[in-house]
Amino acid sequence: MRTFKLAIVENDEDERFFMSEAFRASGEFEILGEFGNGDQLTEWLHSSPRELPELILSDLNMPGKNGYDIIDELKTTYPDIAVFATSTSSVVSTREKCIRAGARDFIAKPEIFIAYDSFVAELYQLACRYLGG
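Residues numbered from 1 in each chain as written. Predicted model: local features only at pLDDT ≥ 70, side-chain atom pairs only at ≥ 80, totals over all residues. Heavy atoms only, no water.

**Some words on the sheet that holds strand 4 (residues 82-87)**
Taken together, the five strands give an open sheet; going across it, the order is 2-1-3-4-5, and neighbouring strands pair in parallel fashion. Unpaired on one side and paired on the other, strand 2 (29-35) and strand 5 (105-108) mark the two borders of the sheet. Sheet twist, expressed as the mean angle between neighbouring strand axes with direction ignored, is 25°. As paired strands, strand 3 (residues 55-59) and strand 4 are joined by five bridges and run parallel to one another. Its bridge partner being in strand 4, Asp59 is matched across the sheet by Thr86. (Pairing = 2+ DSSP bridges. Helix = DSSP H or I, 4+ residues; strand = E, 2+ residues; numbered from the N terminus. Axes fitted to C-alpha atoms, helices over the stretch in contact; angles between N-to-C directions.)

Written out as structure tokens, the structure reads:
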């Protein structure tokens, strides 16, 4: 089983907590960083961390740099990092907009934010598809 290096960008602290707990419990992801918005993420990336994530999971709607800003910036500055967008919206046009912008894919958040097991499994399958595994 492959373990992916992950950074999470989510402004809701409770949701980020339950999300990261599910990723850790799966054993399929190593979380390198957790950030409240895109500004914090890019500041960390530009500070040259010892290890870069293979993928970034980013919420779309956040204060400061939002998910769309992250997708746009990373496709040129860090093209080897796969960005996966997430939101509570499961509207097809949101997914299509993210992919057109440069995200690898889009995953809708679970309706109950303590129920992240299937979300983690879906991201793992997508990561294997796009990054190999």
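Next comes the rest of the account.
**With respect to helix 1 (residues 13-26)**
Taking 1.5 Å of rise per residue, the 14 residues of helix 1 would be expected to cover 20 Å, and the 20 Å separating its terminal C-alpha atoms lies within 8% of that figure. Where helix 1 is concerned, the buried positions are Glu15, Arg16, Met19, Ser20, Ala22 and Phe23. Taken down its axis, helix 1 places every buried residue within 160° of arc, on the same side. Facing away from the buried side of helix 1 by over 90 degrees, the exposed positions are Glu13 and Ala25. Tucked into the core, helix 1 has its buried residues touching strand 1 (4-9), strand 2, strand 3 and helix 5 (117-131). Where helix 1 begins, the capping side chain belongs to Asp12, and its oxygen is found 3.0 Å from the backbone nitrogen of Asp14. Immediately beyond the C-terminal end of helix 1, within one or two residues, lies Gly27, with a positive phi of roughly 75°. (Expected span 1.5 Å × (residues − 1). Buried < 20%, exposed > 50% of the residue type's maximum accessible area, 1.4 Å probe, protein only. Arc of directions from axis to C-beta. Contact = heavy atoms within 4.5 Å. Polar contact = N/O pair within 3.5 Å; in protein donor to acceptor, adjacent residues only side chain to side chain.)

Honestly, that's just the spatial picture; any functional story needs more than this.
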